[in-house]
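# Working through the structure, step by step
Okay, here's what each chain looks like letter by letter:
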Amino acid sequence: MATAKSTKLGVIGAGGVGSATAYASMLRGVADEIVIYDIAAERAEAEGLDIAHGSMFASEAKVSGGGDIEILRDCDLVIVTAGARQKPGQPRLELVGANVKIFEAMLPQVMEVAPNAILMIVTNPCDVLAVVAQKITGLPTERCFASGTVLDSSRLRWLIANKAGVSIKNVHANVIGEHGDSEFPVWSAANIGMVPLDEWTSEDGERVFTDEVKNELATQAMRAAYKIIEGKGSTNYAIGISGARIAEAILKGQDAVLNVATQIRGKYGIEGEAAVSLPSVVNREGVVRVLDVPMNDEEIERLRKSAGEIQKTLESAGYGDK
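Below: a short report on this structure. Residue indices begin from 1 for each chain and proceed along its sequence in written order. Under the rules for a predicted model, residues below a pLDDT of 70 receive no local features and side-chain atom pairs below 80 are neither given nor counted, while totals for whole chains, interfaces and linings still include all residues. Side-chain descriptors were evaluated using all non-hydrogen atoms of the structure, hydrogens and water having been removed beforehand.

A word on the pattern of salt bridges. What counts as a salt bridge is simple: a side-chain nitrogen of Lys or Arg found within 4 Å of a carboxyl oxygen of Asp or Glu. Considering all chains together, one arrives at 16 salt bridges under this definition. For E70, the salt bridge is made with R73, and the minimal N-O distance between the two is 2.7 Å. Categorising residues by exposure relies on relative accessible area from a 1.4 Å probe, with only protein chains included: less than 20% of the type maximum marks a residue as buried, more than 50% marks it as exposed, and the intermediate range marks it as partly exposed. Its relative accessible area of 36% is what places E70 among the partly exposed residues. E273 is the partner of K135 in a salt bridge, and the nearest nitrogen-oxygen pair spans 3.0 Å. Here the residue K135 occupies a position in helix α4 (residues 126–137), and E273 occupies one in the loop between β13 (261–263) and β14 (275–277), the gap between them amounting to 138 residues. The structure contains a network of salt bridges with shared partners spanning R28, R245, E248 and K252. Secondary structure follows DSSP: runs of H or I at least 4 residues long count as helices, runs of E at least 2 residues long count as strands, and numbering of each begins at the N terminus.

Now the structure itself:
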């Protein structure tokens, strides 16, 4: 009987996000081998060792880290987390200049050792940098995308679940658009156990999710990262497990529907090259299908505006339509 091909996951960046991603990936059994690359070689090696030492309690994946690009050779998936750190109160889109320079220097080297890898961008602004990375590497768009609003949707579902007093696993709600200040929930499709959110009531029959409540929850989901950064300097655990979940869908060929960000030129009247988060089917080929999500006119207009914000940033970085 043929044995399954072993899988190799590469994580670029041994900081809080990269290390959390590698750690969560080991716990979830995402890949047979997990490697962490960082120019800070000692940090990468130490993070790899720290994670590897706990492998007997999880997936027993082979985990290592180092500062030689060769460690990424023949990776099936490379997750990029390296880049400038977001400061308290700083919009993600302001990070683009510094991170574009990092990508221009780093990604050609990555492609030399892992030419067949799928590339997932977590570094912010991830939607913008997914397009930058695709242009630098020449990868097809389905193999070069961003983690998008997978985490934002989880944040929103957590808030809704707490408000309704139900399990988060029974909440179905998605945040789409930019992973940033112009993102928004698709309230028209949100539900709890098939009950539309607008029809969800308390035990005394009162409507729970009024427009005021929904606006507040949307703001909390969008601003969550800012609050965490103010308190501890950066976000890492939730984005780490979000990245690991996407990696699991890819490396295990799950055909999972996740809100990753990929270029969607032509959909919903969106022009330009912006990578926008929408529910998408993800497997070993990458992003194989972006779903046509039913939305009302207001939501479609908000999506177009969100894509426009990403496109403007792309153009200011020299990577928009010529």
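Judged by how many residues are buried, strand β2 (residues 33–37) sits mostly within the fold: 4 of 5 residues are covered. Here the rule is simple: two strands pair whenever DSSP picks up at least two bridges between them. Note that strand β1 (residues 8–12) and β2 share 5 bridges and pair parallel. Its bridge partner being in β2, K8 is matched across the sheet by E33. Where β2 and strand β3 (residues 62–66) come together, 5 bridges link them in parallel fashion. Looking across to β3, one finds that V35 is bridged to S64. Note on handedness: a clockwise path from strand one over the helix to strand two, with the strands aimed away from the viewer, defines a right-handed crossover. Note on the crossover from β2 through helix α2 (residues 41–52) to β3: the handedness is right-handed.

Below, the discussion takes up the layout of surface pockets. Site definitions follow a grid-based scheme: protein atoms alone, a 1 Å grid, a 1.4 Å probe that fits but cannot get out for cavities, and for pockets an open set with protein on both sides within 12 Å along at least five of seven lines, plus lining residues having an atom within 4 Å of a point. Grid points are joined across faces, edges and corners, and a volume is the space filled by probe spheres set on the points. Its volume calculated, the largest pocket comes out at about 620 Å³. Lining of the largest pocket is provided by 17 residues; of these, V150, S154, R157, R245 and L258 occupy positions nearest its centre. If you list the elements that add at least two residues to the lining of the largest pocket, you get α5 (150–164), β7 (171–172), α7 (237–251) and β12 (256–258). Counting residues per element, the lining of the largest pocket draws most heavily on α5, which supplies 4 residues. Polar here means any residue other than Ala, Val, Leu, Ile, Met, Phe, Trp, Tyr, Cys and Pro, which are nonpolar, and Asp, Glu, Lys and Arg, which are charged; Gly is therefore polar. Residue composition of the lining of the largest pocket, by class: 7 nonpolar, 6 polar and 4 charged. Taken as a whole, the second largest pocket encloses approximately 500 Å³ of empty space. Lining the second largest pocket are 27 residues, with V17, T81, A84, R85 and T235 positioned closest to its centre. Broken down by secondary-structure element, the contributors of at least two residues to the lining of the second largest pocket are α1 (16–28), α5 and α6 (211–232). Examining the composition of the lining of the second largest pocket, we find that 3 residues originate from one element, α1, more than from any other. In the lining of the second largest pocket, the residues fall into 10 nonpolar, 13 polar and 4 charged.

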